Each structure stands twice: as structure tokens, then as C-alpha cells.
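Residue-level structure breakdown
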Amino acid sequence: MSPTLNLDFVRSQFPAFDQESLDGWAFFENAGGSYASGQTIDRLHRFYTETKVQPYAPYPASTTGGRQMDDAYVRLAGILNVGTDEVHIGPSTSQNTYVLAHAFRQGWADGDEIIVTNQDHEANSGVWRRLGDRGITVKEWAIDPVTGLLDPAELHTLITDRTKLAAFPHCSNIIGFENPVAEICAVLADAGVVSVVDGVSAAPHGLPDVGALGADIYLFSAYKTWGPHQGVMTVRRSVCDSLTNQSHWFNDEEITKRLVPAGPDHAQVAAMNGVVDYLDALHEAHFDDGAAPDERGRRVHDLIRAHETALLTPLLDFLNSRSDVRIIGPSNPAVRVPTVAVLPSKNPADVATALVDHKIMAGAGDFYAVRVLQAMDIAVDPGVLRLSFVHYTSPAEIDQLIAALDATL
Ligand SMILES: Cc1ncc(COP(=O)(O)O)c(C=O)c1O
């Protein structure tokens, strides 16, 4: 039988829960950025205090620092089920897609085609759409304006023999629905189209098995997965090899640098180990065998998701019972992540402000998903109220949120 999440253990791993300044506050803006695990903070502190020298030189502080950075790539690759040479760590997901768009354009001819969606955060949309000004034909895979969902059947009608790439989200930061990524990637692979999946909204709910999803490129932001402020992307090796080097010319053969012209943030790359340290600790606290990294990743993912779904159910039930609020995206907790955008009859920003009196941290706005709101005919200003949590959230905090919403909606 699968274990259930030991919440006391989980919360003991996050120093934020011991802070007097945060005492009594319930955090519901996790989709903007999560609390950092203690392991991440320790790793950052260790790097800055013990090894804050130029890495990869022969003296001990430097070799240790470099080794920590190398370990991060190896360990992330293990848990994501991709090759070590397929992990790239850059300053943010927005910056990573920006670099990718430049790299891909150099290999394409005028008139080649790409597909984008209007369900994405702008980070996986705008950089691709701008290629329309540089000779590329951009087609939009559009959401249903009522449900906010993408219809996979429609994708087939957009693919031609000139289609080079399709960018789409694992899950929108407004709609919350988990798109059938494996199915979509298989359709694209059959047609010889590169898949670029924005996993930023999905990864905080358990890092994915990217190998099983079959995504050519998968992106997420570690500051939302309990880690440092970095963007992680996996790029299939054959795809990476086909791209023009975006770093200094002499770094052409350096796989971790080819798509990161900014140069690595040494301490934060090393602190990526803190994410894996945390997931390993979580695994160890719930399973008593030494499974391989990819299996550990899958188990911990399922453990996290089961807890989140159980907590999401009463929140969605409550929201569904109200006539003064509309849930954006599906109401079924089994098909969505706990990032719930709602449209209250009151101004969303006013509700977010009123929630502060109840020690609820939540936000309102467009969350850079402007195209989603426009397509659903929702005013971008003031936008929506967004309530998002992750697996460290407790049933008591959900009760606190529901009581606060009851008083403020
Ligand atoms: C779904 C989604 N994609 C992409 C991004 C951009 O990530 P970053 O801040 O790392 O550029 C965000 C940020 O909030 C997001 O929510």
C-alpha cells in the first residue's frame, strides 16, 4: 500500500514554518514562488561561506565548489529521468525560452512554421510569437473560451510539413488543468516537430518523469520547486546538438554553457542539490528501500499529488457552493493542480487585500497569462484572484482559507 504524506516531517524541512514573522500566516501564492527547503538554504549558505571562489581550479575550495555544481546536473538528471548532458540551468525560464528562440531561428528557413498556444504564461509564448517578425509563420493553438482548455484534436489541423516546433504548457498558471503531455509529445514526435513544454506550473506538484513524458524540451523554475531562483530546462541531446551555440564561441563543446550565455550562477547551481536533497529526504521518510533516482522521483511525485488532491477537494467544494465566485478551469480536483484562479463578484485585488486581515497570503492580477484572460473575456485589470498551494500546506490552513473566503467574498 502506498504511504500517505507525513506532513509533520514535510513542514519540519521548511524553515519558514519556524519563523515568528510568518507565524499564523497561511501561504496561498505558491504558484508565484514557494518557500525554500532547509536543504536549499543550507547548500546556498555552505557555498557562500566555504567555496565562494572561482570553481574548477586545482585548489580545494574550488574543486569542491565545482564538484557541487556538477553534482547538481547529475542528480537533477537522475530524478527527471533524462541524460546528464540534457540538463541546462539558466537564470529563469523566461530567459531560457528567450535563448532557445534565438537558437532555433538560426536553423530555420523563412516560411517555416511553429505552433504556440494562448494558454501559456507569456514566457513560453511571446519569444516564439516574435519570430513572426523574422520570417517564421506562427500558428495559434487556441483554448476554448469557456473552459480554458486546449483540444488535442485541434493540434493535428495545425501541423504541416513545414512545422518545426510546438510550444505548450504542461499546465497553465491560471487554468490549472494538466494537459496530456505524453500524448501531445507523441503526436508531435510522429510529425517530426520539436515539443517545448512549459512545466513551471506543474513541477511544484512533483518533479516530472520527463523521459516518460517524451518532451524534447521541458522547462521549470526552481524557485517554485523549493529551490534557488534558477530556471531548469531539459533539452534532448539530439535537439541541443542541432542548435547553434549561444555562448562564447570557444564554449561550443561545453554542453552546460551552449544555451546559457549569461554564465552560470555558481552558488545557485550548487544549491539545486538542495531540491534533490529534499526530495531524497522525503523519499527516505516514506519508503524503506534504496530505489533508483527516477523511481524515487515518481514515488515522491505521487505522494505529493495524493496529498494535494485531498486538500484541493474541500476548497473546490466550497468555491463550487458559492454563487458569488467562478472557478476558472475545471472543478474536478483529480485533473488539476492546486493553483486555483477564481473570479469573485467583488474586485479580486480588494479580496486579496481583505484576506490579509485573516492572515492569508494570496494575490490578484493577470499573472503574466494575459492571453488566457483575454481569450476567456476576463478583464486583465483587475484580473483574477489566485489561490495556490503545494504539498507542505496543511488541512488547517485550508480551513483557515475557506473561513477567510467566507468572510471576504
Ligand atoms: C507557468 C509559468 N511559466 C513561466 C514562468 C516564468 O518563469 P520565470 O520567472 O522563471 O521566468 C512563470 C512564472 O511565474 C509561470 O508561472
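Analysis parameters
Residues numbered from 1 in each chain as written. Predicted model: local features only at pLDDT ≥ 70, side-chain atom pairs only at ≥ 80, totals over all residues. Heavy atoms only, no water. Pairing = 2+ DSSP bridges. Helix = DSSP H or I, 4+ residues; strand = E, 2+ residues; numbered from the N terminus. Axes fitted to C-alpha atoms, helices over the stretch in contact; angles between N-to-C directions. Contact = heavy atoms within 4.5 Å. Near = heavy atom within 4 Å. Polar contact = N/O pair within 3.5 Å; in protein donor to acceptor, adjacent residues only side chain to side chain. Areas by Shrake-Rupley, 256 points an atom, 1.4 Å probe, with all protein chains shown as cover. 1 Å grid on protein atoms, 1.4 Å probe; cavity = no way out; pocket = protein on both sides within 12 Å on 5 of 7 lines; lining within 4 Å. Sits in = over half its atoms within 2 Å of the grid points. Nonpolar A, V, L, I, M, F, W, Y, C, P; charged D, E, K, R; others polar. Points joined across faces, edges and corners; volume = space filled by probe spheres on them. Domains from an automatic or database assignment. Buried area = accessible area lost by both parts, 1.4 Å probe. Salt bridge = Lys/Arg side-chain N within 4 Å of Asp/Glu carboxyl O. Buried < 20%, exposed > 50% of the residue type's maximum accessible area, 1.4 Å probe, protein only. Parallel < 35°, antiparallel > 145°, perpendicular 65-115°, else oblique. Arc of directions from axis to C-beta. Phe/Tyr/Trp six-rings, centres within 6.5 Å; stacked < 30°, edge-to-face > 60°. Lys NZ or Arg CZ within 6 Å of the ring centre and 35° of its normal.

**Observations concerning the sheet that holds strand β4 (residues 137-141)**
Pairing is mixed across the open sheet formed by 7 strands, whose spatial order is β2-β8-β7-β6-β5-β3-β4. Both edges of this open sheet fall to β2 (87-90) and β4, since each of them pairs with a single strand only. For this sheet the average axis-to-axis angle between neighbouring strands, irrespective of direction, equals 20 degrees. Examined bridge by bridge, strand β3 (residues 113-117) and β4 share 5 bridges and lie parallel to one another. Paired with Glu 113 across the strands is Thr 137, a residue of β4. Where helix α4 (residues 93-105) meets the sheet, it contacts β2, β5 (163-169), β6 (194-198), β7 (217-221) and β8 (231-235), and its direction lies at approximately 155 degrees from that of β7. The sheet strands contacting helix α7 (residues 181-190) are β4, β5 and β6, and the helix crosses β5 at an angle near 175 degrees.

**Looking at the site of the ligand**
If you check the shell around the ligand, you find Ser 92, Thr 93, Ser 94, His 121, Ala 123, Asn 173, Asp 198, Val 200, Ser 201, Ser 221, Tyr 223 and Lys 224 and nothing else. Between a nitrogen atom of the ligand and a side-chain N or O atom of Asp 198, the distance comes to 2.6 Å. In the environment of the ligand, an oxygen atom lies 2.7 Å from a nitrogen or oxygen atom belonging to the side chain of Ser 221. Relative to its free-state accessible area of 400 Å², the ligand is covered by the protein chains to the extent of 89%. Cavity membership is defined here by more than half of the atoms lying within 2 Å of grid points; on that basis the ligand lies in the largest pocket. Residues of the shell around the ligand, tallied by class, amount to 3 nonpolar, 7 polar and 2 charged.

**Quick look at the layout of surface pockets**
Here the largest pocket is characterised by a volume of approximately 380 Å³. Surrounding the largest pocket, 30 residues form its lining, Ala 31, His 121, Val 200, Tyr 223 and Lys 224 being those nearest its centre. Of the residues in the lining of the largest pocket, the class split is 11 nonpolar, 14 polar and 5 charged. A domain split of the lining of the largest pocket shows at least three residues from each of domain 1 (7-37 + 293-408) and domain 2 (42-276).

**Description of the domain arrangement of the chain**
If you check the domain split of the chain, you get domain 1 (7-37 + 293-408) and domain 2 (42-276). Relative to domain 2, the C-alpha centre of domain 1 lies at a distance of 25 Å. Between domain 1 and domain 2, the residue contacts involve 41 residues of the former and 35 residues of the latter. Note on domain 1 versus domain 2: buried area summed over both sides is about 3000 Å², and carbon and sulfur give 56% of it. Its largest share of buried area at the contact with domain 2, domain 1 owes to Val 337, Arg 371 and Val 372, together 20% of the area lost on that side. The interface formed by domain 1 and domain 2 includes 3 salt bridges. A salt bridge links Asp 209 to Arg 298; the shortest N-O distance between them is 2.6 Å. Counting the contacts that link domain 1 with domain 2 gives 17 residue pairs in polar contact (both at pLDDT 80 or more). Contributions of two or more residues to the side of domain 1 that touches domain 2 are made by α12 (293-320), β10 (339-344), α14 (370-375) and β13 (384-388). With 8 residues, the single largest contributor to the side of domain 1 that touches domain 2 is α12.

**Some details on the environment of Val 138**
Note that Val 138 resides in strand β4. Residue Val 138 is classed as partly exposed on the basis of its relative accessible area, which comes to 29%. Those residues within four positions of Val 138 in sequence are excluded, and the remaining contacts are Ile 114, Val 116, Trp 128, Arg 129 and Gly 132.

**Some words on the packing of α12 against helix α15 (residues 395-408)**
In the contact formed by α12 and α15, the axes pass within 10 Å of each other and the chain directions differ by 10 degrees. Taken together, α12 and α15 sit at an angle that is classed as roughly parallel. Mapping the contact onto sequence places Leu 311, Pro 314, Leu 315, Phe 318 and Leu 319 in α12 and Pro 395, Ile 398, Leu 401, Ile 402, Leu 405 and Asp 406 in α15. Here the residues of the contact of α12 with α15 sort into 10 nonpolar, no polar and 1 charged.

**Examining the side chain of Asp 324**
Tracing the backbone through its elements, the reader meets Asp 324 in the loop between α12 and β9 (325-327). Here Arg 322 takes part through its side chain, which lies 2.8 Å from a polar atom of the side chain of Asp 324. Every residue in contact with Asp 324, bar those within four places of it in the chain, is listed here: Leu 343, Pro 344, Ser 345 and Leu 409.

**What about α7?**
The periodicity of an α-helix, 3.6 residues per turn, causes residues three or four places apart in sequence to face the same way. Taken as a whole, α7 has its buried residues at Val 181, Ile 184, Cys 185 and Leu 188. Viewed end-on, α7 has its buried residues packed into an arc of 100 degrees, placing them on one side of the element. Contacts made by the buried residues of α7 are with β4, α6 (152-158), β5, β6 and α8 (210-213). Positioned one or two residues after α7, Gly 192 has a phi angle of 70 degrees, which is positive.

**Some thoughts on the packing of aromatic side chains**
Inspection of every chain in the model, using the stated rule, returns 13 aromatic pairs. With centroids separated by 5.4 Å and ring planes inclined at 75 degrees, the aromatic side chains of Phe 17 and Tyr 392 adopt a geometry described as edge-to-face. Highlighted residues: Phe 17 in the loop between α1 (7-12) and β1 (26-27) and Tyr 392 in the loop between β13 and α15, separated in sequence by 375 residues. According to the relative accessible area criterion, Phe 17 is partly exposed, its value standing at 23%. Relative accessible area serves as the criterion here: at 1%, Tyr 392 is assigned to the buried category. An aromatic cluster is built from Phe 14, Phe 17, Phe 27, Tyr 35, Trp 226, Tyr 278 and Tyr 392, whose rings are joined through pairwise contacts. The side chain of Arg 11 reaches across the aromatic face of Phe 17, ending 3.9 Å from its centre. Directly above the aromatic system of Phe 367 lies the positively charged group of Arg 386, at a separation of 3.8 Å from the ring centroid.

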